[in-house]
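# Structural features, examined
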Amino acid sequence: MFDLIVKGGAVIDGSGTPAQIADVGIRGDAIDAIGSLGTDARRVIDARGRAVAPGFIDPHTHFDVQLLWDGQARPALEHGVTTVVPGNCSLSLAPLKVEHRERLIGMFQNIEELPPAAFTEAFEWTWERFAGYREALERRLSINVAPLVGHSVIRLWVMGDASQQRAATASEIAAMQDLLRECLDAGAVGLSTSFVDVDANMRPVPSRFAYRGELDALAKVLGERGRMLQVVPEFYATDLTIARIDQLAELSLAHGIPTTFSPLFDSRATPDNVPRTMARVEEQFARGARVWPQVQTRPIDISFSSEHPSLFFGRLPSWFRVMRLPRSERLAALEDAATRDKLVAEAGADGGRAALGFLRVRDGERAPAELVGRSLAEIADARGEDVARALINLSLENDLGVPFIAANMGHDAADRVGPLLAHPLVHVGASDGGAHIRSFSTYGDTSHLLGHFVRETHHLGLEQAVKKITADTAEIWGLAKRGRIQKGCAADVVVFDPQTIDRGVERAVFDMPGAGMRYVRDAIGVDTVVVNGAVAYERHDYTAAATGRVVG
Ligand SMILES: [Zn+2]
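Below or above, wherever it landed, is the structure these notes cover. (Residues numbered from 1 in each chain as written. Predicted model: local features only at pLDDT ≥ 70, side-chain atom pairs only at ≥ 80, totals over all residues. Heavy atoms only, no water.)

With that settled, consider the environment of alanine 51. As for its position among the elements, alanine 51 is in strand E5 (residues 51–54). In sequence terms alanine 51 and serine 395 are 344 residues apart; their C-alpha atoms lie 47 Å from each other. Residues contacting alanine 51, with those up to four places away along its chain left out, are Ala10, Ile12, Val494, Val495, Phe496 and Pro498. (Helix = DSSP H or I, 4+ residues; strand = E, 2+ residues; numbered from the N terminus. Contact = heavy atoms within 4.5 Å.)

For helix H16 (residues 414–422), the set of buried residues is Val417, Gly418, Leu420, Leu421 and Ala422. Of the surrounding secondary structure, the elements contacted by the buried residues of H16 are helix H9 (273–286), strand E13 (291–295), strand E17 (427–428), helix H17 (445–456) and helix H18 (462–468). (Buried < 20%, exposed > 50% of the residue type's maximum accessible area, 1.4 Å probe, protein only.)

For the rest of this paragraph, the subject is the sheet that holds strand E6 (residues 56–58). Two orientations exist for strands paired in a sheet by backbone hydrogen bonds: parallel and antiparallel. Taken in spatial order, the three strands make up an open sheet running E6-E7-E8, and their pairing is parallel. One side of each edge strand has no neighbouring strand; the edge strands of this open sheet are E6 and strand E8 (144–145). Where strand E7 (residues 81–84) lies against E8, two bridges are found, and the strand directions are parallel. From the neighbouring strand, valine 84 faces E8, where its bridge partner is valine 145. (Pairing = 2+ DSSP bridges.)

Coordination sphere of the zinc ion, protein contribution only: His60 (NE2), His62 (NE2), Cys89 (SG) and Asp432 (OD), at 2.0 to 2.5 Å. The sequence motif formed by the donor residues of the zinc ion is H-x1-H-x26-C-x342-D. Of the two residues, histidine 60 is situated in the loop between E6 and helix H1 (66–69) and cysteine 89 in the loop between E7 and helix H2 (101–112); the sequence distance between them amounts to 29 residues. Take histidine 60: its relative accessible area is 3%, and that puts it in the buried class. Owing to a relative accessible area of 6%, cysteine 89 belongs among the buried residues under this scheme. (Donors = N, O, S within 2.8 Å, 3.2 Å for Na, K, Ca; no water.)

Take the packing of helix H5 (residues 151–159) against helix H6 (residues 170–185) next. For any two helices packed against each other, one specifies the crossing angle of their axes together with the interaxial distance. Where H5 contacts H6, the two axes come as close as 9 Å, and the packing angle between them is 125°. It follows from the interaxial angle that H5 and H6 lie oblique. In the packing of H5 onto H6, the handedness of the crossing is right-handed. Contacts from Ile154, Arg155, Trp157, Val158 and Met159 of H5 reach H6 at Glu172, Ala175, Met176, Leu179 and Leu180. In the contact of H5 with H6, the residues fall into eight nonpolar, no polar and two charged. (Axes fitted to C-alpha atoms, helices over the stretch in contact; angles between N-to-C directions. Parallel < 35°, antiparallel > 145°, perpendicular 65-115°, else oblique. Left-handed = near helix turned anticlockwise from the far one by under 90°. Nonpolar A, V, L, I, M, F, W, Y, C, P; charged D, E, K, R; others polar.)

On to the side chain of serine 303, then. Locating serine 303 in the fold gives a position in strand E14 (residues 300–304). In this structure the side chain of serine 303 is engaged in a polar contact, spanning 2.7 Å, whose partner is the side chain of arginine 362. Here serine 303 is in contact with Ser310, Arg362, Phe404, Ile405, Arg438, Ser439, Glu506 and Tyr519, once residues within four sequence places are set aside. (Polar contact = N/O pair within 3.5 Å; in protein donor to acceptor, adjacent residues only side chain to side chain.)

Moving on to the nonpolar core. The biggest cluster of nonpolar side chains holds 121 residues, and the ones touching the most others in it are Leu93 and Phe496. Non-local contacts of phenylalanine 496, meaning those with residues more than four positions away in its chain, are made with Arg50, Ala51, Ala53, Phe56, Leu450, Leu462, Val466, Ile501, Gly525, Val526 and Asp527. Within the second largest apolar cluster, 33 residues are counted, among which are Leu334, Val344, Leu356 and Phe404. (Core = buried A, V, L, I, M, F, W, Y, C linked by side-chain atoms within 4.5 Å.)

With that settled, the discussion passes to a nonpolar patch on the surface. A cluster of nonpolar side chains, namely Phe235, Tyr236 and Leu240, defines an oily patch on the protein surface of about 300 Å² accessible area. For phenylalanine 235, the location among the structural elements is in the loop between strand E11 (228–232) and helix H8 (238–255). (Patch = residues over 30% accessible without salt bridge, like charges linked within 9 Å, V, L, I, M, F, W, Y side chains within 5 Å. Areas by Shrake-Rupley, 256 points an atom, 1.4 Å probe, with all protein chains shown as cover. Salt bridge = Lys/Arg side-chain N within 4 Å of Asp/Glu carboxyl O.)

Next up on the list: helix H11 (residues 327–335). Count 3.6 residues to each turn of an α-helix, and residues three or four apart come out pointing the same way. If you check which residues of H11 are buried, you get Arg330, Ala333 and Leu334. Angular distribution of buried residues about the axis of H11 spans 95°; they occupy a single face of the element. Across from the buried face of H11, at angles greater than 90 degrees, the exposed residues are Ser328 and Glu335. Here the buried face of H11 lies against helix H10 (317–323), helix H12 (337–346) and helix H15 (387–397). (Arc of directions from axis to C-beta.)

Spatial ordering of the open sheet is given by E14-E16-E15, a layout of three strands whose pairing is antiparallel. Both edges of this open sheet fall to E14 and strand E15 (360–361), since each of them pairs with a single strand only. The pairing of E14 with strand E16 (residues 404–410) spans four bridges and is classified as antiparallel. Within E16, the residue paired with serine 303 across the bridge is isoleucine 405.

Before going further, it helps to examine the packing of H16 against H17. Relative to each other, H16 and H17 sit at 110°, their axes nearing to 11 Å. Here H16 lies roughly perpendicular to H17, going by the angle between them. Considering how the two elements wind past one another, H16 and H17 form a crossing that is left-handed. In this structure, H16 contributes Ala414, Val417, Gly418 and Leu421 to the contact, and H17 contributes Leu449, His452 and Phe453. Split into classes, the residues belonging to the contact of H16 with H17 amount to five nonpolar, two polar and no charged.

Mapped onto the fold, serine 267 is located in the loop between strand E12 (259–261) and H9. A residue is classified by how much of its surface remains accessible, and serine 267, at 18% relative accessible area, is buried. It is 39 Å that separates the C-alpha atoms of serine 267 and glutamate 121, two residues lying 146 residues apart in sequence. For serine 267, the side chain forms a polar contact with the main-chain nitrogen of threonine 270, separated by 3.3 Å.

A separate point is the side chain of glutamine 72. Counting through the fold element by element, glutamine 72 comes out in the loop between H1 and E7. With a relative accessible area of 8%, glutamine 72 lands in the buried category. Residues contacting glutamine 72, with those up to four places away along its chain left out, are Leu67, Leu77, Ser142, Ile143, Tyr542 and Thr543.

Another aspect to go through is the pattern of salt bridges. Applying the stated criterion across every chain, the model contains 43 salt bridges. Put simply, aspartate 527 and arginine 50 hold a salt bridge, and the shortest N to O gap is 2.7 Å. Taken together, the positions of aspartate 527 in strand E23 (residues 526–531) and arginine 50 in the loop between strand E4 (41–46) and E5 put the pair 477 residues apart, joining distant regions of the chain. Residue class for arginine 50 comes out partly exposed when judged on its relative accessible area of 27%. Salt-bridge contacts for lysine 467 lead to aspartate 472; the nearest nitrogen and oxygen are separated by 3.0 Å.

Structural data, given as structure tokens:
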């Protein structure tokens, strides 16, 4: 007798071969048989007319804190994601000394747009070392977690304040190597580092003070186990990205490790970025190096209001600075004539029409209903103001709470992004799940891949797309027995309807600690998600199953 039979679905096993109608028999936490299995089971799930695939693996997330209060990375799980990789971009919750917590929270706030309440109101911070973090994580997991350890926190632990001041000495590097080894022993699946990010005081994060020898020494430790190095390169500049690809390739070859960099975006502004980057990736793979570019499936949309700082203003430094002021100072600045003139001037000689006119008012708490859906350019014309002034005045008139959306800012041309996602050396990922929660929804990228790029535009076949987010990911990351529907593999299974799978519309919810807001997208067309043999999600409901684990 089986514990569970998923019956009569089109089984897509992750290998890329055509789907076959079959039953999948599960015993305990593993897949035990595939074929015609009858109904002798504690539970039978009818999957006729549905696809049955390995659970999806999301290799680039920042669910570090959320996992500690929901254990589900909600709503990633309902989209069919059964394994997530947190700890990306040089930041992880361990190892970290108590006295450095504030500093790490500031980095997460600034880089990943996670509010401080997410760190202070929803879980008890009981650990310093990686093993302690793992223990806290494992208390209640419904989803599998393959955690990275962050270079910035390793450096901070060993060097303290000096981690953001200078290069490391030989003995400090040796101490970092020991600490990394300890984290890998405790379950970390690799190391993440960043070449671009800044902390809450706009200082480069600790990992950026490392010279090449330090990263080489850490990659050497990764090489002892063949573990992953994840990197955020200078993605806004193609030449710098290519130089990083070369650096990663040398580390990969010298130490026998896989490396991955993210993000890689397509953009109309720099149309040669993807072709040049991919040409270098192909050259390095041909040499035997493994440098996997991570590409996200969704277009870049950024929502914001004047209530919080936003990455939208990254290219407008005065706006960026004003939006980072404490609320009362921000209000005063937006009302101050000289500051307003400066902001308007910075937005362009056209009063901000090109830089800001395409913004639209979106639905939200303090959005004037009659303006929702209208562009800022239209609104400014109706008001007889220039665009930048209209943005400021609308914000002031509505207590800073008018939400705007900058839609399709890049990575939105299907005829360019589709073939890129289908490229055999492109690693589908970079969802940033759980981060940037007030800027865009980081949930549903796999649903978008299967709905849009498979069903609607046909850039990928269904089996090919499933392979990319299951078996390929498991293989790239060395996650044993994950990502396949195969006897002996972990019973992580998703049952979905290829005719309807999709991501829902982006909507605001207030379910963060302290009733904080975030944007989410619901899953459409996903029936059942099984994690290590237990049904974790079924027809729009999460179950009480807590069978997730730390995997590697
Ligand atoms: Zn990230």
